[in-house]
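Each chain, letter by letter, is given below.
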Amino acid sequence: ERKHIIAAIFNVSAVILVAINKKSESFELEHLWGYLLAFIAANSYALYSVGKKRYSNISIDYIMYSALLSSLIAFVAYFLLGGNFTVDFSTKQLYLILALSFFPMGYAFLAWNYGLKYGDIRILGLFSYIAPVLSIIWLIIFGLEQFNYYILTAIILIISGALSLKIFK
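Residues numbered from 1 in each chain as written. Predicted model: local features only at pLDDT ≥ 70, side-chain atom pairs only at ≥ 80, totals over all residues. Heavy atoms only, no water.

What follows covers the overall build of the protein. A tally of helices and strands in the protein yields seven helices and zero strands. Each helix (α) and strand (β) of the protein, taken in turn from the N terminus, gives the series α-α-α-α-α-α-α. Counting contacts in the protein only where the partners sit at least 6 residues apart, residues at least 24 apart contribute 80% of the total. (Helix = DSSP H or I, 4+ residues; strand = E, 2+ residues; numbered from the N terminus. Contact = heavy atoms within 4.5 Å.)

Printed below as a string of structure tokens:
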């Protein structure tokens, strides 16, 4: 639909702005596998979302166990397949990781799953636009991102994308 294309344009524009803001970080071919796996994961979840009716009888407990098992497999695979670097996290960074994993990311995952089964998918879609905005706000609050016009414009674009779904028929 036209409104989805408009919303996608707003959101891709926001991603481009954030990338421009991070111009000191570059795309490196050695990370291509990670990008590919992230693309596969995102599309797998999108396919699950589209096929939600087929899986509506699956308990949310199984979804949580599946996510936990996936995390454990990734952790083990990292060490078995040559995890050759370590990261020294500051206490503030560890708190931020926990904050992001529980809210908005963990909450969003569980709320999305519940909403797909029992809620109005249109309303849920609008709320899905809040997660990246909250993530940016967490990064700013914890001092890991500087608020600037790129970030402000990206937030406005994300909100505009959400509003475009309601405005355009």
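All right, on to the confidence of the model for the protein then. Mean pLDDT over the protein: 77, with 86% of residues reaching 70 or higher. Between the elements of the protein, mean pLDDT differs from a low of 70, seen in helix H5 (residues 121-127), to a high of 86, seen in helix H7 (residues 149-167). (pLDDT = per-residue confidence, 0-100.)

This part is about the packing of helix H6 (residues 130-141) against H7. Relative to each other, H6 and H7 sit at 160°, their axes nearing to 10 Å. Judged on the interaxial angle alone, H7 and H6 are roughly antiparallel. For the element pair H6 and H7, the recorded crossing hand is left-handed. For the pair H6 and H7, the contacting residues are Pro-132, Val-133, Ile-136 and Ile-140 in the first and Ile-151, Ile-155 and Ile-158 in the second. Residue composition of the contact of H6 with H7, grouped by class: seven nonpolar, no polar and no charged. (Axes fitted to C-alpha atoms, helices over the stretch in contact; angles between N-to-C directions. Parallel < 35°, antiparallel > 145°, perpendicular 65-115°, else oblique. Left-handed = near helix turned anticlockwise from the far one by under 90°. Nonpolar A, V, L, I, M, F, W, Y, C, P; charged D, E, K, R; others polar.)

Moving on, we come to the packing of aromatic side chains. Counted according to the given criterion, the structure contains one aromatic pair. Note on Trp-138 and Phe-142: the rings are 5.8 Å apart at their centroids and 40° apart in plane angle, and the pair reads as tilted. With a relative accessible area of 25%, Trp-138 lands in the partly exposed category. Given a relative accessible area of 17%, Phe-142 falls into the buried group. (Phe/Tyr/Trp six-rings, centres within 6.5 Å; stacked < 30°, edge-to-face > 60°. Buried < 20%, exposed > 50% of the residue type's maximum accessible area, 1.4 Å probe, protein only.)

Okay, the packing of helix H1 (residues 2-21) against H7 next. Following both chains from N to C, one finds H1 and H7 inclined at 170°, their axes separated by 8 Å at the closest point. As the angle between them shows, H1 and H7 are arranged roughly antiparallel. Each of Lys-3, His-4, Ile-6, Ala-7, Phe-10, Asn-11, Ser-13, Ala-14, Leu-17, Val-18, Ile-20 and Asn-21 in H1 lies in contact with H7, whose residues at this interface are Tyr-150, Ile-151, Thr-153, Ala-154, Leu-157, Ile-158, Ser-160, Gly-161, Ser-164 and Leu-165. Its residues placed into classes, the contact of H1 with H7 shows 13 nonpolar, eight polar and one charged.

With that settled, the discussion passes to the nonpolar core. Core analysis: the largest hydrophobic core is formed by 13 residues, its most contacted members being Ala-14, Tyr-129, Ile-155 and Ile-158. Sorting the residues of this core by element identifies H1, H6 and H7 as the ones contributing at least two each. If near-sequence neighbours (up to four positions away) are discounted, Ile-155 is found in contact with Val-133 and Ile-136. Residues Tyr-48, Ile-63, Leu-116 and Leu-124 belong to the second largest nonpolar core, which totals five residues. (Core = buried A, V, L, I, M, F, W, Y, C linked by side-chain atoms within 4.5 Å.)

A few words on a nonpolar patch on the surface. A surface patch of nonpolar side chains, about 580 Å² in accessible area, is lined by Trp-33, Leu-36, Leu-37, Phe-39 and Ile-40. Residue class for Ile-40 comes out partly exposed when judged on its relative accessible area of 42%. (Patch = residues over 30% accessible without salt bridge, like charges linked within 9 Å, V, L, I, M, F, W, Y side chains within 5 Å. Areas by Shrake-Rupley, 256 points an atom, 1.4 Å probe, with all protein chains shown as cover. Salt bridge = Lys/Arg side-chain N within 4 Å of Asp/Glu carboxyl O.)

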